[in-house]
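Take a look at the letters that make up each chain.
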Amino acid sequence: MAPMERLLAERACERLILDFVHRLDLGEPSSVAELFTQDGVWRWPHDGRLVEGRDALRTYFGSRPAGRLSRRMMSNVLVTVTSPNTAGAVSYFTTYRVDGYDGGVIPAGPPVQIGHYEDTFRRADGTWLLASRTLHLPFGGATPRPNVPASSGP
């Protein structure tokens, strides 16, 4: 691949990584399904969770609890282009989240998750999409509610 073509592929994949969390936090969570290939897969090996295909992804991410407020910080995004139509990436994330949010500013608490994603990408008809996303979560905890101190409830 020419250097510019490789650079454009890397940037397209980085954009998918950021668009994913942006849609979860600030957009319509079910719309993350559109960032995947038709046969795309999201998995969390820790608990055997596996979601396959756009319709299942749309349902899974669309089932986000009402009143959930979250912000995910993405960093250390490293995309490796493996061919003109395939790539992989590893990226770190930190998630701040509460359930039962009904507006206003709430005190910031510690993150509820810190981990990384391992992604594969495929280009079809000139468009890069996620083929698979695997969640690795070495640090995690219960999602607090804004009216319950973090140390006294889930």
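Our structure's up above, just so we're on the same page.
One numbering rule holds for all chains: residues counted from 1, following each sequence as written. In keeping with the predicted nature of the model, local features appear solely for residues at pLDDT of at least 70, side-chain atom pairs appear and are counted solely at 80 or more, and the whole-chain, interface and lining totals rest on all residues. In computing side-chain values, all of the structure's heavy atoms are included and hydrogens and water are not.

**As for the nonpolar core**
- Working definition of a nonpolar core: buried Ala, Val, Leu, Ile, Met, Phe, Trp, Tyr and Cys residues. They are joined through side-chain atoms within 4.5 Å. Burial classes: relative accessible area under 20% of the type maximum marks a residue as buried, over 50% as exposed, and values in between as partly exposed (1.4 Å probe, protein chains only). Counting residues in hydrophobic clusters, the biggest one holds 27 residues, and the most contacted among them are Phe 20, Trp 42 and Phe 121.
- Secondary structure elements follow DSSP: runs of H or I of four or more residues count as helices, runs of E of two or more count as strands, with numbering from the N terminus. Counting residues per element, the ones that place at least two in this core are helix H1 (3-26), strand S1 (36-44), helix H2 (54-62), strand S3 (69-83), strand S4 (86-98), strand S5 (113-124) and strand S6 (127-140).
- No other element matches the seven residues that H1 contributes to this core.
- Throughout, a residue-residue contact means that at least one pair of heavy atoms, one from each residue, lies within 4.5 Å. Contacts of Phe 20, omitting those with residues within four sequence positions, involve Val 32, Leu 35, Phe 36, Trp 42, Phe 61, Tyr 117, Leu 130 and Arg 133.

**With respect to H1**
- Compared with the 34 Å implied by 1.5 Å per residue over 24 residues, the 34 Å span of H1 between its first and last C-alpha is a close match.
- In this structure, the buried side of H1 is in contact with S1, H2, S3, S4, S5 and S6. A helix is expected to reach a length of 1.5 Å times the quantity of its residues less one.

**Section: the sheet that holds S5**
- Two strands are counted as paired when DSSP detects at least two bridges linking them. The six strands lie next to each other as S2-S1-S6-S5-S4-S3, forming an open sheet whose pairing is mixed. The strands lining the two open edges of the sheet, one partner per strand, are strand S2 (49-52) and S3. Taken over all neighbouring pairs, the strand axes of this sheet differ in orientation by 15° on average, direction set aside.
- Summarising the sheet, S5 and S6 pair through eleven bridges and their orientation is antiparallel. Note that in S6 the partner of Ile 114 across the bridge is Phe 139.
- For helices, the fitted line uses only the C-alpha atoms of the stretch in contact; every axis is such a line through C-alpha atoms, and the angle between N-to-C directions lies from 0 to 180 degrees. H1 rests against S1, S3, S4, S5 and S6 of the sheet, and its axis sits at about 160° to S3.
- Contacts from H2 reach S1, S2 and S6 within the one sheet, and its direction differs from that of S1 by about 50°.

So yeah, pure geometry; function would need other evidence.
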